[in-house]
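Fold and geometry: a report
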Amino acid sequence: MVNLIWVALLLIGLMFAGINGTIKDVNEAMFQGAKEAVTISIGLISVLVFWLGLMKIAERSGLLSFFAHLFRPIAKKIFPEVPSDHPALGYILSNMIANMFGLGNAATPLGIKAMEQLKQLNGQKDEPSRSMITFVALNTASITLIPATVISIRMTYHSASPGEIIGTTFVASLIATISAIMIDRAFYIRRRKKGGM
């Protein structure tokens, strides 16, 4: 369905450009956009390789295990339905830590594995469990200590101070995470009162 929407948007845009006589501008914008996409990708690759390398060092040194151990009690309170020794909790914690360091691309496979494990806990049902809903809300908001991807984009565009957004990003992501948890809990309580769970 999403592919059809993209094709429809492209065709409507080209049709509109043809009617207005701006095909030349659209053509130039497409090539300029492609050029910028390659430039941004190369900039992102270098930063992601650096941070993923640091994450690997942190994993081998035991720092990730330390963080996972540190955040496990919090994760148990947020995900009470997930057993402490279940792999889902490990994937959830790894995903949260990757997101904290702004490594959304590295966090995605961990998030997918966490969701697969949560679906197994849910008995492979098509309807999401409370933990699955909470994980999506938390993963979407996710506290970010170092927004590595955004810093990389700012560096690509020659920002005078690419790291100046760290403080505001942390505050905004903290507020978003607290709000996501509160909204998730409010809807859970409401569903329980209605007898849905």
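What you see is a predicted model, and the numbers here were worked out from it, not measured in a lab.

1. Digging into the side chain of Q117
Within the secondary structure, Q117 sits in helix α5 (residues 104-121). The exposure class assigned to Q117 is buried, which follows from its relative accessible area of 13%. In contact with Q117, not counting residues within four places along its chain, are H86, P87, A88 and Y91.

2. Observations regarding the UniProt feature "domain: Nucleoside transporter/FeoB GTPase Gate" (unreviewed entry) in the chain
Those residues carrying the UniProt feature "domain: Nucleoside transporter/FeoB GTPase Gate" (unreviewed entry) are residues 43-153 in this numbering. The straight-line gap between the two end C-alpha atoms of residues 43-153 is 7 Å; of that span, 77% is helix and 0% is strand.

3. Comments concerning the packing of helix α4 (residues 87-100) against helix α6 (residues 130-141)
Contact geometry of α4 with α6 gives a least axis separation of 10 Å together with a crossing angle of 15 degrees. By the angle between their axes, α4 is roughly parallel relative to α6. In this structure, the crossing between α4 and α6 has a hand that is left-handed. Facing I92, N95, M96 and N99 of α4, the residues of α6 in contact are F135, L138 and N139. Classifying every residue of the contact of α4 with α6 by side-chain character gives four nonpolar, three polar and no charged.

4. Some details on the domain arrangement of the chain
If you check the domain split of the chain, you get domain 1 (1-45) and domain 2 (62-194). Facing five residues of domain 1, the contacting portion of domain 2 comprises five residues. Contact between domain 1 and domain 2 buries roughly 410 Å² in total, counting both sides, with carbon and sulfur atoms accounting for 66%. Inspection of the domain 1/domain 2 interface yields zero salt bridges.

5. Brief notes about the pattern of salt bridges
Enumeration according to the criterion identifies four salt bridges in this entry. Between K24 and E28 there is a salt bridge, and its shortest N-O distance comes to 4.0 Å. Taken together, the residues span about one helical turn, with K24 and E28 both in helix α2 (residues 23-61) at a distance of four residues. For E28, a relative accessible area of 46% gives the class partly exposed.

6. Description of the nonpolar core
Among the nonpolar cores identified, the biggest contains 30 residues, and M55, F79, I92, L103 and L118 are the most heavily contacted of them. Broken down by secondary-structure element, the contributors of at least two residues to this core are α2, α3 (63-78), α4, α5 and α6. Every residue in contact with M55, bar those within four places of it in the chain, is listed here: L64, I97, A98, F101 and L103.

Calculation rules
Residues numbered from 1 in each chain as written. Predicted model: local features only at pLDDT ≥ 70, side-chain atom pairs only at ≥ 80, totals over all residues. Heavy atoms only, no water. Helix = DSSP H or I, 4+ residues; strand = E, 2+ residues; numbered from the N terminus. Buried < 20%, exposed > 50% of the residue type's maximum accessible area, 1.4 Å probe, protein only. Contact = heavy atoms within 4.5 Å. UniProt positions renumbered as here; feature names shortened; annotations may be inferred. Axes fitted to C-alpha atoms, helices over the stretch in contact; angles between N-to-C directions. Parallel < 35°, antiparallel > 145°, perpendicular 65-115°, else oblique. Left-handed = near helix turned anticlockwise from the far one by under 90°. Nonpolar A, V, L, I, M, F, W, Y, C, P; charged D, E, K, R; others polar. Domains from an automatic or database assignment. Buried area = accessible area lost by both parts, 1.4 Å probe. Salt bridge = Lys/Arg side-chain N within 4 Å of Asp/Glu carboxyl O. Core = buried A, V, L, I, M, F, W, Y, C linked by side-chain atoms within 4.5 Å.

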